[in-house]
Amino acid sequence: MTRLLAYREDIDRQLRIQIGSALEHLGLINDFAPELRNRLEDYALRGKLIRGSLVPFTYDLLGADTVSREDLFKIAAAIELFQSMLLVHDDIMDQDDVRRGKPSIHAQYRSDGREGGLADPEHYGLSLGICAGDVSAFIAFGVLSRLELVPLLRSKLISFVADEMVLVGVAQMQDVHHGELPPNKVSLEAVERMYRYKTGRYTFSLAMSLGSQLAGRDDAFRKTIEDFGEALGIIFQIVDDKIGLFSPEEKTGKPAGSDLYEGKKTVYMQTLLAEISGPDRDKLEALLGNIESKEDIGWIMDQLDRHGIPDRVEARLRELSIECRGMIDEIAAREPKFAEGLRWLLDFNIERDY
């Protein structure tokens, strides 16, 4: 993580500048902008800034010196603003009131509605949360449109980011659809496909492809990086699922077992469903999304262990790791320093516990 943390201060600074400059003058229009500025800053800066950091991480590993550091970190900040938009909206869709250990944006506005005595604070919170997420995305596109790059490159980058956001949106629709289906109607393959496009593309492929484009690498190289990002994204999400199941709340910023309470279709749950049978399967299907106690959580955890699901998932992680290392070996012949960085990134994502 330390290699990515090296970029945090500069991204932090740009986030404050870009959110502030976009919303400061709007305080003359109404009272919402100043509070929104504070909330978006706090929300964005509570994150790890991994996605934004991967832009300069990739660019620097490729030994490039073709764009200004100012523009490089503006792009990184824009990626984090898109991330904030996606998370704000994701919290609404998942009905999550906590994000990164604090109230989510829509929950904050719901509290405002209650304190202000509004007629429907629940609807008020959801509506203003959607608006806040939209504003974050619009600020991000504004940042990209004002980059001091060659016009053709700037246009190419904006088009690429827009296309990737469409992919994320459609993958999120699949995720929401999964949430409405009975557990036995969602295949393990469908879950991994959603991970590939919801997590892999926008967490790794997008940021690393932007870094390679800024460094002047060709489309073939970019395609290899994007394929690597997709596979790494599946690893990232599976590890996230593991952390959500087995890590304490102080590390995750979410209540223990929150994914189980929400009935999320994860690799762990879908693998368990494929193994379990009889009355235990009936009980599991009834519990997912309808958990009422820590005892229910304990029973599911016991079933995971009894059926060897953690070992099965670890085997899948090893398969994906081998796939990623094969792509790294292809890159190493052309970009040895970059390949070394990818190995570190892969190892970090497999081993992380937060």
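Structural notes, computed from the coordinates. (Residues numbered from 1 in each chain as written. Predicted model: local features only at pLDDT ≥ 70, side-chain atom pairs only at ≥ 80, totals over all residues. Heavy atoms only, no water.)

Some points on the packing of aromatic side chains
(1) Moving on: Per the stated rule, a full pass over the model turns up 7 aromatic pairs.
(2) Moving on: For the pair F221 and F338, a centre-to-centre distance of 5.8 Å together with 45 degrees between the ring planes defines the contact as tilted. Of the two residues, F221 is situated in helix 10 (residues 219-246) and F338 in helix 17 (residues 336-351); the sequence distance between them amounts to 117 residues.
(3) Moving on: Residue classification places F221 among the buried positions, given a relative accessible area of 5%.
(4) Moving on: Note on W344 and F348: the rings are 5.5 Å apart at their centroids and 10 degrees apart in plane angle, and the pair reads as stacked. One end of the pair is W344 and the other is F348, both in helix 17 and 4 residues apart, which spans about a single turn. One exposure class covers both W344 and F348, and it is buried.
(5) Moving on: Residue placement shows R39 over the ring face of Y109; its charged tip is 4.6 Å from the ring centre. (Phe/Tyr/Trp six-rings, centres within 6.5 Å; stacked < 30°, edge-to-face > 60°. Helix = DSSP H or I, 4+ residues; strand = E, 2+ residues; numbered from the N terminus. Buried < 20%, exposed > 50% of the residue type's maximum accessible area, 1.4 Å probe, protein only. Lys NZ or Arg CZ within 6 Å of the ring centre and 35° of its normal.)

Observations concerning the packing of helix 2 (residues 8-23) against helix 5 (residues 69-94)
Between two packed helices, the angle of one axis relative to the other and the distance separating the axes together describe the packing.
(1) Moving on: Taken N-terminus to C-terminus, the directions of helix 2 and helix 5 make an angle of 75 degrees; their axes are 8 Å apart at the nearest point. If you check the angle between helix 2 and helix 5, you find them roughly perpendicular. Contact with helix 2, carried on its side by D10, I11, R13, Q14, L15, Q18 and I19, involves E70, F73, K74, A76, A77, E80 and L81 of helix 5 and no other residues of that element.
(2) Moving on: Tallied by class, the residues present in the contact of helix 2 with helix 5 amount to 7 nonpolar, 2 polar and 5 charged. (Axes fitted to C-alpha atoms, helices over the stretch in contact; angles between N-to-C directions. Parallel < 35°, antiparallel > 145°, perpendicular 65-115°, else oblique. Contact = heavy atoms within 4.5 Å. Nonpolar A, V, L, I, M, F, W, Y, C, P; charged D, E, K, R; others polar.)

Regarding the nonpolar core
(1) Moving on: Grouped together as the largest cluster of nonpolar side chains are 104 residues, with contacts concentrated most on L54, M165, M208, L214, I300, F338 and L345.
(2) Moving on: If one sorts the elements of this core by residue count, helix 5 sits on top with 13 residues.
(3) Moving on: Non-local contacts of L54, meaning those with residues more than four positions away in its chain, are made with L4, T203, F204, A207, M208 and L345. (Core = buried A, V, L, I, M, F, W, Y, C linked by side-chain atoms within 4.5 Å.)

Re the side chain of H178
(1) Moving on: Tracing the backbone shows H178 in helix 8 (residues 151-180).
(2) Moving on: With relative accessibility at 5%, the residue H178 sits in the buried group.
(3) Moving on: Once you skip the residues sitting within four places of it in the chain, H178 turns out to touch V186, A190, V191, M194 and K265.

Some remarks on the side chain of T203
(1) Moving on: By the element assignment, T203 lies in helix 9 (residues 188-214).
(2) Moving on: Of the polar contacts made by the side chain of T203, one reaches the side chain of R51; its length is 3.2 Å.
(3) Moving on: Once residues within four sequence positions are removed from consideration, T203 is found in contact with R51 and L54. (Polar contact = N/O pair within 3.5 Å; in protein donor to acceptor, adjacent residues only side chain to side chain.)

Remarks on helix 3 (residues 32-45)
(1) Moving on: If you check helix 3, its first and last C-alpha atoms are 20 Å apart, about what 14 residues at 1.5 Å a residue would give, namely 20 Å.
(2) Moving on: Within helix 3 the residues assigned to the buried category are A33, L36, R39, L40, E41, Y43, A44 and L45.
(3) Moving on: Those residues of helix 3 hidden inside the fold are in contact with helix 2, helix 5, strand 1 (98-99), helix 6 (105-115) and helix 7 (121-145). (Expected span 1.5 Å × (residues − 1).)

A word on the pattern of salt bridges
(1) Moving on: Throughout the structure, instances matching the rule amount to 37 salt bridges.
(2) Moving on: Notably, a salt bridge pairs R3 with E340, separated by 3.1 Å at the nearest N-O pair. Taken together, the positions of R3 in helix 1 (residues 2-5) and E340 in helix 17 put the pair 337 residues apart, joining distant regions of the chain.
(3) Moving on: E340 gets classed as partly exposed once you look at its relative accessible area, which sits at 38%.
(4) Moving on: The salt bridge partner of R39 is E35, with a shortest N-O separation of 3.1 Å. Of this pair, R39 and E35 both sit in helix 3, 4 residues apart, which is roughly one turn of that helix.
(5) Moving on: The class for R39 is buried, based on a relative accessible area of 10%.
(6) Moving on: Several salt bridges converge on common partners, so that one network encompasses E164, R196, R201, R222, E226 and E230. (Salt bridge = Lys/Arg side-chain N within 4 Å of Asp/Glu carboxyl O.)

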